[in-house]
Structure formats: C-alpha cells, structure tokens
Amino acid sequence: MTDQNTSELFAGTMPVSEKHGFDTKKLNDYLAEHLENFSGPITVEEFKGGQSNPTYLIKTSTDSYVLRRKPPGLLLKSAHAVDREFKVIKALNMTDVPVPIAYLHCEDESVIGTEFFLMSFVEGTVFWEPHIPEAKDNKQRSDIYKSLSETIYKLHNVKPSDIGLEDYGRPGNYVARQVSRWSKQYVASETETIEAMNNLMEWLPENLPTEKPLCLVHGDFSLTNVIIDNASDQVASILDWELSTLGDPMADFSYHCLQYKLNPILSDAAQCKNLGIPTEKEYLKLYADKVDYYIDSEWDLYMSFNLFKLAGISQGIMGRVRDGTAAGVNAEETGMRARLLAESAWDLVKDRT
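Here's what I pulled together on the structure shown here.

## Let's talk about the pattern of salt bridges
For step 1, the next point in the chain: One pass over the full model with this rule turns up 14 salt bridges.
For step 2, the next point in the chain: For Lys273, the salt bridge goes to Glu282, with nearest N and O atoms at 3.0 Å.
For step 3, the next point in the chain: The class for Lys273 is exposed, based on a relative accessible area of 54%.
For step 4, the next point in the chain: Between Asp347 and Lys350 there is a salt bridge, with its nearest N and O atoms 3.1 Å apart.
For step 5, the next point in the chain: Lys350 gets classed as partly exposed once you look at its relative accessible area, which sits at 37%.
For step 6, the next point in the chain: Here the salt bridges do not stand alone but share partners, grouping Arg68, Glu85 and Asp240 into one network.

So, in structure tokens, the structure goes:
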C-alpha cells in the first residue's frame, strides 16, 4: 500500500454508509432542544478513519461538530463505551491536555439508533503514516514527535482526583487486568486457534512488570489518534478515548512506541535520522527524562504485553467482521494481523519460560 493510498483510505470524510445511516431530522431536532446556541439544519458526513465507533462530521451554516456513536448490531459487553469517552474528554476540558470540547452525551437510542456523544470539531491534520511522508521538512517531523512525547507525558502527569476521575478505573494491577480483559475479548472474538496467543494468555499473568505510579492512560495513543495543528505542528487534540482508564504510564507509553517495532522505516535508526524523527532510543529518552523511574530491564516484557494487546484488538475487529458490525473499510485486513502480532509477542518472552 502506498503512502498516498493510505491517506486516501483513511483521511477525510465520505457520504454516510448505509450501515451507519440514521434519521438526520431526529438528530437535528434533538440538538435544537439540548445543545446551547445550536442553529440547524445539519448536514452529516462520515469520517473514513477508525475501526470501532462510527464517527461523523455534523455541520450547520455556522458551526461544525463531531458525533461519535456506538455501532449498530450485537456488541461485546465492555466494548464501544462512548459514555466513558465522553466522561474523560469532559473532565480533561479542565486541564491543559489537548482534547475537543465535550458538549453532550445521549443515551436515548431512539434518536439515531445507538448511544452517542457530541464534541467540538478541531481543525488540523491527522497523519496516517508514522514517518509522515507528507511533511514539508525534517523540522516538521521532529517538532511533531517532540509534541507527541510532551503530550502523552502531560496526560500522565494529570492527577485523576483533581478532575473527578479517581473512580475512572480500579487502582493497581493495571497490566494484570488488561491481560485478563484482552484474553476474554480475544476468546469472545476468536475465529481460529493461535498457539502463540494461548501461550501468552497462560504466561503473562505470571510474569507481570513492577507497579508504576497510577495515572490516566489513553490506551491507544498514536500519531493516528491525534490532530496536529497546521500552523504550529503541535498536538491540537487527542482522539479516540474508548480504551482510556486509570493505569500504568509505561504500559501506555510503550504501547505508543510499538511503531518502532512494527514500522520498517521507524525500526531503522538510519532512516529515522534521515527523516528528522527521533530513533527509538532517543524517543524513549525524551519521555524518560521527565519521569523518575526506569524500566530498561522490563522493556521487552512491556513490548510483549502490548503486542498481545494489539493482537487482541485485531482479533476483536476480525470478530466484528464475522458478525457484520466492523466500522473500518480495511477491518478484515487488520483482523488478520492477530496471528503475526501474537507470534511476535511470544518471540520476545518465550526464552524466559
């Protein structure tokens, strides 16, 4: 897949798909009643990117909003928690962490068919390739990566109790709970036997990393889940909070760093330097210099855990393909990655058994 095709596949909006369509008049009437300073009528487009919760651009003659909803169809019990996304974004509106403005949350399924929430539309660019081929120069890439590091640290530095999120997740045992969660979701979505995944589900619970300071974690922080301001090349907004909870900051950061393992360009230090992108070691240092703990001896363990988590996510997408509820246009391709990710995760730790 070329860089241009990747951008065309994921970037921007498209007409609302038949599967995700709804009565726009009902939504218009609901917003007129519940949203302050709303002035319809609305037009609706569907964002191309994303796998999980269908997301729409809602426009009026004066404003633009983003609507995010649960997908229609049979869903796993703990998946697609748009209420949690709304809660964390609204809480973070009180901080300097860049997020959209959270406007309203609607549980009334009669409006558009599923629960949804509405937030502000943030101007900027989402880059879909970690080496940012469309960058104007190396300085832009460097500035973006520095901002990514600063932004995830800024998130981890928020005290959940300061913004009313002390009950947003259970304290302690974050990695253990994540292993349990993704094991259950993997089993629920299983479409074939993957030996490496079964090995990991048995091994990881007995070989967990040491506890780190409890913080708010995003769960899927990446270049594709942020909007970059076009003028400053800084992160203007973090998107897709479905997997957020209270947890281990290094689990969150190391998951973000998987791009250095999975992307053939970023895994090559020479290519990183040629592009102005920090190498894996340099990028780790940007974050590590801000915190007071060191995890070098546990890095492979964190990487294995995160590859396992990504395999679980990919298998979940494959399960939704099976059930006909997948939102992304390349959902089947993503789901088929589960085996490769699980095998890569097991390779990192199997010698410790």
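From this point, the discussion proceeds with the structure in view.
## Describing the environment of Ser314
For step 1, the next point in the chain: Topologically, Ser314 is positioned in helix H11 (residues 299–323).
For step 2, the next point in the chain: Spatially, the C-alpha atom of Ser314 lies 29 Å from that of Val44, the residues being 270 residues apart in sequence.

## Details of the nonpolar core
Nonpolar side chains in soluble globular proteins tend to end up buried together.
For step 1, the next point in the chain: Ranked by internal contacts, the top residues of the largest apolar core, which has 81 residues, are Leu92 and Leu148.
For step 2, the next point in the chain: Top element by residues in this core is H11. It accounts for 11 residues.
For step 3, the next point in the chain: When near neighbours in sequence (up to four residues on either side) are disregarded, Leu148 contacts Phe221, Leu223, Val226, Val235, His256 and Tyr283.
For step 4, the next point in the chain: Core analysis: the next-biggest nonpolar cluster, separate from the first, contains 18 residues, Leu27, Phe38, Cys106 and Ile112 among them.

## Focus: the sheet that holds strand E5 (residues 102–106)
For step 1, the next point in the chain: Ordered by their spatial adjacency, 6 strands build an open sheet running E1-E2-E3-E4-E6-E5, and the pairing between neighbours is antiparallel. Each edge of the open sheet carries a strand with a single partner, namely strand E1 (13–14) and E5.

## Details of the environment of Glu134
For step 1, the next point in the chain: Residue placement: Glu134 occurs in the loop between strand E6 (116–120) and helix H4 (138–156).
For step 2, the next point in the chain: Overall, the relative accessible area of 42% leaves Glu134 in the partly exposed class.
For step 3, the next point in the chain: Along the chain, Glu134 and Ser267 lie 133 residues apart, while their C-alpha atoms are 19 Å from each other.

## Some thoughts on the side chain of Ser147
For step 1, the next point in the chain: In this structure, Ser147 sits in helix H4.
For step 2, the next point in the chain: Beyond its immediate sequence surroundings of up to four residues, Ser147 is in contact with Asp233, Gln234 and Val235.

## Focus: the packing of aromatic side chains
For step 1, the next point in the chain: In the structure shown here, the tally under the stated rule is 10 aromatic pairs.
For step 2, the next point in the chain: Consider the rings of Phe253 and Tyr283, whose centres lie 5.8 Å apart with planes at 20°: the pair is stacked. Here Phe253 is found in helix H7 (residues 249–256), whereas its partner Tyr283 is found in helix H10 (residues 280–288), with 30 residues between them in sequence.
For step 3, the next point in the chain: Through a chain of ring-to-ring contacts, the aromatic side chains of Tyr145, Tyr153, Phe253, Tyr260, Tyr283 and Tyr287 assemble into a single cluster.
For step 4, the next point in the chain: Arg84 extends its terminal NZ or CZ atom over the ring of Tyr168, reaching a point 3.9 Å from the ring centre.
For step 5, the next point in the chain: Here Arg181 stacks its cationic end above the ring of Trp182, 4.9 Å away from the centre of that ring.

So, how was this worked out
Residues numbered from 1 in each chain as written. Predicted model: local features only at pLDDT ≥ 70, side-chain atom pairs only at ≥ 80, totals over all residues. Heavy atoms only, no water. Salt bridge = Lys/Arg side-chain N within 4 Å of Asp/Glu carboxyl O. Buried < 20%, exposed > 50% of the residue type's maximum accessible area, 1.4 Å probe, protein only. Helix = DSSP H or I, 4+ residues; strand = E, 2+ residues; numbered from the N terminus. Core = buried A, V, L, I, M, F, W, Y, C linked by side-chain atoms within 4.5 Å. Contact = heavy atoms within 4.5 Å. Pairing = 2+ DSSP bridges. Phe/Tyr/Trp six-rings, centres within 6.5 Å; stacked < 30°, edge-to-face > 60°. Lys NZ or Arg CZ within 6 Å of the ring centre and 35° of its normal.

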